[in-house]
Amino acid sequence: DLVVWLLRAGRPAVVSDVDCAWLSRPQALLELQPTADVLAGTDCLDTAADDDRSDRSSVVPRCGHHPGSLWSAWFNTGVLAFRPTAEALSLASEWRDRMASVSGKPGENDCDHGCAGAVDDQLTFNQIVAGSPTK
């Protein structure tokens, strides 16, 4: 709710995991990509592979965001930045709503055994970005 509230107030929102240490001000992240509505990190831990966007036949696992890659690129919700745009607000609102809709009760949300811990913010965020519909 906080991200949506900030965006509706016309403010950018930067969220990060508690184990994230900022070495410079978070606004610098937004300044790097001035036209992006939402910025997210990936699970790619190889900086050379992450920087290389060329079309190539071999890749490092989880670094699949370059042309021709057969690996998927997972966005990591450990660090996210949102600009106060209609597109960012739409994504943040859908993310919040999908997360809130999961009850974890047996028989609901295609869950027969109780799924309180089966949904996480990162999986849900990536499903939205990939265009996966809700069930």
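Refer to the structure above for everything that follows.
Residues numbered from 1 in each chain as written. Predicted model: local features only at pLDDT ≥ 70, side-chain atom pairs only at ≥ 80, totals over all residues. Heavy atoms only, no water.

Participant: Any details on the packing of helix H4 (residues 86–100) against helix H5 (residues 121–129)? Residues and values, ideally.
Facilitator: At a minimum axis distance of 10 Å, the contact between H4 and H5 shows a crossing angle of 130°. Considering the angle they form, H4 stands oblique to H5. The chirality of how H4 crosses H5 is right-handed. Of the residues in H5, those in contact with Leu91, Glu94, Trp95, Arg98 and Met99 of H4 are Asp121, Thr124, Phe125, Gln127, Ile128 and Val129. Tallied by class, residues from the contact of H4 with H5 come to 6 nonpolar, 2 polar and 3 charged. (Axes fitted to C-alpha atoms, helices over the stretch in contact; angles between N-to-C directions. Helix = DSSP H or I, 4+ residues; strand = E, 2+ residues; numbered from the N terminus. Parallel < 35°, antiparallel > 145°, perpendicular 65-115°, else oblique. Left-handed = near helix turned anticlockwise from the far one by under 90°. Contact = heavy atoms within 4.5 Å. Nonpolar A, V, L, I, M, F, W, Y, C, P; charged D, E, K, R; others polar.)

Participant: Give a detailed account of the nonpolar core, specifying residues and quantitative values.
Facilitator: Listed in full, the 12 residues of the largest apolar core are Val3, Val4, Leu7, Ala13, Leu80, Phe82, Ala88, Leu91, Ala92, Trp95, Phe125 and Ile128. Counting only elements with at least two residues in this core, the list comes to helix H1 (2–8), strand S3 (75–82), H4 and H5. With residues near it in sequence (within four places) discarded, Leu7 still touches Ala13, Phe82, Arg83, Pro84, Ala88, Leu89 and Ala92. (Core = buried A, V, L, I, M, F, W, Y, C linked by side-chain atoms within 4.5 Å. Buried < 20%, exposed > 50% of the residue type's maximum accessible area, 1.4 Å probe, protein only.)

Participant: So, the environment of Val18: which residues are in play, and what are the values?
Facilitator: Checked against the element boundaries, Val18 lands in the loop between strand S1 (13–16) and helix H2 (27–32). The exposure class of Val18 is exposed, given its relative accessible area of 87%. Put simply, Val18 and Gly78 are 60 residues apart on the chain and 8.6 Å apart in space, counted from C-alpha to C-alpha.

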